[in-house]
Amino acid sequence: FRPRSNKVIIEFDGSLKGIGARVILPGTNGLETVISACAATFQTFDLGEDSSYQNGVELLAFAAGLALAVKSGFARHEIHLRGDSMTVLNWVSSGRDGAASTLAYPAMMIVVALAEHWDLAFDTAFTHLSSEANEVCDRLSRGLAVPLEVTGGSLPVTPSGTSAGQACLSTSRSLQGYFGC
């Protein structure tokens, strides 16, 4: 966890229906630019209402955000986490993983592998969002419509209208090779 001068924000959320993430470039005077976004719904996994999968799904959303950041040209950057899962924010920012569930452990391994391979560093400070403040990524994770401007122009306005949430696009390339989105 080495500090870097170049930072990028990954905002993410996971639900038992899917994942959503955005890559955001912090600017001066508190202005931010959404670079790209990713949404994928789960149609082949039936997680039902089993909330024990929630942390794993949140980690998968963050991993998708990491892959999206790299695809958007942000390798070797410091990553600032922003989400509504205190568990995942603490696991990733501290470098200690408490992931013991069947889904959370492999998801954490994906996060570690992406970070190591692309030389990413995680900001030890993070931003915990209320569920309301994380509405965009929450809506993305549920396959619901979001305004185009909050996705950096990288997703259609209604990702639920695409087959299997196939709206996992960066501004330049598809992420299908990473997560089957």
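The model shown is predicted, which means the values in this text are computed figures rather than measured ones. Each residue is numbered by its place in its chain's sequence as written, counting from 1. With pLDDT at 70 or above as the cut-off, local features in this predicted model cover only qualifying residues; side-chain atom pairs require 80 or more to be listed or tallied, and sums for whole chains, interfaces and linings still use all residues. The side-chain figures draw on all heavy atoms in the structure; neither hydrogens nor water molecules are used.

Turning to the overall build of the protein, a few remarks are in order. Along the backbone of the protein there are 5 helices and 6 strands. By definition, any uninterrupted DSSP run of H or I lasting at least four residues is a helix, any uninterrupted run of E lasting at least two residues is a strand, and each is numbered from the N terminus. Starting at the N terminus and walking to the C terminus, you meet the elements of the protein as β-β-β-α-β-α-α-β-β-α-α. Relative to its 181 residues, the protein shows a buried fraction of 48%. Pairs at least 24 residues apart make up 71% of the contacts formed inside the protein by residues separated by at least 6 positions. When a residue's accessible area, from a 1.4 Å probe over protein chains only, is under 20% of the maximum for its type it is buried; when over 50% it is exposed; and in between it is partly exposed. Contact definition: two residues touch when any of their heavy atoms are within 4.5 Å.

This next bit is on the side chain of Arg-22. Examined against the element boundaries, Arg-22 turns out to sit in strand β2 (residues 18-26). Taking the relative accessible area as the measure of exposure, Arg-22 reaches 10% and is therefore buried. Among all residues touching Arg-22, those that are not within four sequence positions of it are Ile-9, Ile-10, Glu-11, Val-34, Ser-36, Ala-37, Val-136, Cys-137, Leu-140 and Val-150.

Bringing the pairing of β2 into the picture now. Looking along a regular strand, one sees the side chains alternate between the two faces of the sheet. Buried residues dominate β2, accounting for 7 of its 9 residues. Strand pairing is assigned whenever DSSP detects at least two bridges linking the two strands. By the bridge criterion, 7 bridges tie strand β1 (residues 7-15) to β2 in an arrangement that is antiparallel. Bridging across to β2, Phe-12 finds its partner in Ala-21. Between β1 and β2, which pair antiparallel one after the other, the connecting turn spans 2 residues.

Here the aromatic set is Phe, Tyr and Trp, taking the six-membered ring for Trp, and pairing holds for ring centres within 6.5 Å; pairs whose planes are under 30 degrees apart are stacked, those over 60 apart are edge-to-face, and all others are tilted. Applying the stated criterion across every chain yields a total of 2 aromatic pairs. Geometrically, the ring pair formed by Phe-62 and Phe-122 is tilted, given 5.7 Å between the ring centres and 55° between the ring planes. Placement of Phe-62 in helix α1 (residues 54-71) and of Phe-122 in strand β5 (residues 121-122) is noted, with a sequence separation of 60 residues between them. Like Phe-122, Phe-62 is buried.

What follows deals with helix α3 (residues 104-117). The terminal C-alpha atoms of α3, which comprises 14 residues, lie 20 Å apart, in line with the 20 Å expected from a rise of 1.5 Å per residue. Of all the residues in α3, the buried ones are Ala-104, Ala-107, Met-108, Val-111, Leu-114 and Ala-115. Angularly, the buried residues of α3 cover 125° about the axis, an arc narrow enough to put them on a single face. Turned more than 90 degrees away from the buried face of α3 sit Glu-116 and His-117, all of them exposed. Positive backbone phi, at 55°, marks Asp-119, one or two positions downstream of α3. Multiply 1.5 Å by the residue count of a helix minus one, and that product is the helix's expected span. The arc in question is formed by the directions pointing from the helix axis toward the C-beta atoms.

With that out of the way, let us pick up the pattern of salt bridges. For this document, the term salt bridge refers to a Lys or Arg side-chain nitrogen within 4 Å of an Asp or Glu carboxyl oxygen. Within the structure shown, the criterion is met by 6 salt bridges. Ionic pairing is found between Asp-123 and Lys-7, a salt bridge with its closest N-O pair at 3.2 Å. Here Asp-123 is found in the loop between β5 and β6 (127-128), whereas its partner Lys-7 is found in strand β1, with 116 residues between them in sequence. In this structure, Glu-11 engages Arg-82 in a salt bridge whose closest nitrogen and oxygen atoms are separated by 2.9 Å. With Glu-11 in strand β1 and Arg-82 in strand β4 (residues 78-83), this pair connects stretches of sequence that are 71 residues apart. Through salt bridges with shared partners, one network takes in Glu-11, Arg-22, Glu-32 and Arg-82.

Burial runs high along β1: 8 of the 9 residues are buried. One ladder, built from 6 bridges, connects β1 with β4; its direction is parallel. Bridging from a neighbouring strand, Phe-12 pairs with Gly-83 of β4.

What follows covers the nonpolar core. The term nonpolar core refers to a set of buried residues drawn from Ala, Val, Leu, Ile, Met, Phe, Trp, Tyr and Cys, joined through side-chain atoms within 4.5 Å. Counting 37 residues, the largest nonpolar core has Leu-59, Phe-62, Leu-66 and Phe-122 as the members making the most contacts within it. Elements with a contribution of two residues or more to this core: β1, β2, β3 (32-41), α1, β4, α2 (86-94) and α3. With 12 residues, α1 is the largest single contributor of residues to this core. Core analysis: the next-biggest nonpolar cluster, separate from the first, contains 6 residues, Ala-37, Ala-39, Val-136 and Val-150 among them.

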